[in-house]
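Observations on the three-dimensional arrangement
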Amino acid sequence: RPREVAAEAALELAALTGMVLDRAAEAEVWARQAEVMIALAGDPGHLQEARRLNILGNLRWSLGELQAAQAFHERALALREAALGAGHPEVAISLHNLATLRWSQQDHDAAAALHARALRIREETLGPATLWDTGEDRARALALARQAADDYGELADDESTARARRWLATRQ
């Protein structure tokens, strides 16, 4: 159990130092430490490794290394799908990360398909009322959703556009 705790701590420190504190070199050290602890502790479902890969993907993305980021996010997605099944909420998180990355690479078709799949999983597992339905971020989220629908609605296929508009209509 101590090795599992050490692996979790190293993962948290990798995420914190890399994404919050913007100290990439330090985050890399913690990610390597996590890799060692994960190997020593065992990770039968490979979920800790998927999390580590996700953190590394986000770190590479923040450094502008988009191809490396994509490879990390794709590997994390594959591990989560294998361990949890294609319809699990953690798979939706990986899909969202990969979709957002693909959007930044100007691959809008792939991004839209990945986002649609992530949304479908979230709605099927958590219900449609899971994102920004309460709290002070609701008004901002709705404004952003309206702006996105206006700006990017023509890029999506009819089904995903209709889903987004239905979602928005139920929350206004």
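Being a predicted model, the structure only gives us computed values, none of them experimental.

1. Describing the nonpolar core
- Judged by nonpolar contacts, the single largest core of 16 residues is most densely connected at L11, L56 and L59.
- At 6 residues, the largest contribution of residues to this core is made by helix α2 (residues 24-41).
- Non-local contacts of L56, meaning those with residues more than four positions away in its chain, are made with E28, A31 and F72.
- Core analysis: the second largest hydrophobic core is formed by 11 residues, V91, L95, L98 and A118 among them.

2. What to know about a nonpolar patch on the surface
- A grouping of L16, M19, V20 and L21 is seen on the molecular surface, where their side chains present a nonpolar patch of about 350 Å² in accessible area.
- Here L16 is to be found in helix α1 (residues 2-20).

3. Looking at the side chain of T17
- As for its placement among the helices and strands, T17 is situated in helix α1.
- By relative accessible area, T17 is classed as buried at 2%.
- In this structure the side chain of T17 is engaged in a polar contact, spanning 3.4 Å, whose partner is the backbone oxygen of A14.
- A distance of 3.4 Å separates the side chain of T17 from the backbone nitrogen of A27, its partner in a polar contact.
- Those residues in contact with T17, other than ones at most four positions away along the chain, are D22, R23, E26, A27 and W30.

4. A short note on helix α4 (residues 66-84)
- Between the first and last C-alpha of α4 there are 26 Å, a value that for 19 residues agrees with the 27 Å anticipated at 1.5 Å per step.
- Those residues of α4 that fall on the buried side of the exposure criterion are A69, Q70, F72, H73, A76, L77 and R80. Buried residues of α4, viewed axially, fall in a sector of 165°; they line one side. Pointing more than 90 degrees away from the buried face of α4 are the exposed residues Q67 and A82.
- Count one or two residues on from α4 and you reach G85, which has phi positive near 95°.

5. A few points about helix α3 (residues 47-62)
- Over its 16 residues, α3 extends 23 Å from the first C-alpha to the last, a length consistent with the 22 Å expected when each residue adds 1.5 Å.
- All of the buried residues along α3 are Q48, E49, A50, R52, L53, N54, I55, L56, G57, N58, L59 and R60.
- Just beyond α3, the residue with positive phi is G64, at close to 80°.

6. Details of the packing of helix α5 (residues 89-104) against helix α6 (residues 108-126)
- Look at α5 against α6: their axes get within 8 Å of each other, and the N-to-C directions meet at 160°. Relative to α6, the element α5 is oriented roughly antiparallel. Note on packing geometry: the crossing formed by α5 with α6 is left-handed. Between α5, through P89, V91, A92, L95, H96, L98, A99, T100, R102 and W103, and α6, the contact on the second element is made entirely by H108, A110, A111, L114, H115, R117, A118, I121, R122, T125 and L126.

7. Details of unusual backbone geometry
- Positive phi is not limited to glycine here, since D22 has a value of about 60°.
- Summarising the element assignment, D22 is placed in the loop between α1 and α2.
- Looking at D22, the relative accessible area reads 62%, which means it is exposed.
- Residues other than glycine seldom take positive phi values, yet H46 does so here, at roughly 60°.
- Considering the arrangement of structural elements, one finds H46 in the loop between α2 and α3.
- For H46, a relative accessible area of 42% puts it in the partly exposed group.

The rules we used
- Residues numbered from 1 in each chain as written.
- Predicted model: local features only at pLDDT ≥ 70, side-chain atom pairs only at ≥ 80, totals over all residues.
- Heavy atoms only, no water.
- Core = buried A, V, L, I, M, F, W, Y, C linked by side-chain atoms within 4.5 Å.
- Buried < 20%, exposed > 50% of the residue type's maximum accessible area, 1.4 Å probe, protein only.
- Helix = DSSP H or I, 4+ residues; strand = E, 2+ residues; numbered from the N terminus.
- Contact = heavy atoms within 4.5 Å.
- Patch = residues over 30% accessible without salt bridge, like charges linked within 9 Å, V, L, I, M, F, W, Y side chains within 5 Å.
- Areas by Shrake-Rupley, 256 points an atom, 1.4 Å probe, with all protein chains shown as cover.
- Salt bridge = Lys/Arg side-chain N within 4 Å of Asp/Glu carboxyl O.
- Polar contact = N/O pair within 3.5 Å; in protein donor to acceptor, adjacent residues only side chain to side chain.
- Expected span 1.5 Å × (residues − 1).
- Arc of directions from axis to C-beta.
- Axes fitted to C-alpha atoms, helices over the stretch in contact; angles between N-to-C directions.
- Parallel < 35°, antiparallel > 145°, perpendicular 65-115°, else oblique.
- Left-handed = near helix turned anticlockwise from the far one by under 90°.

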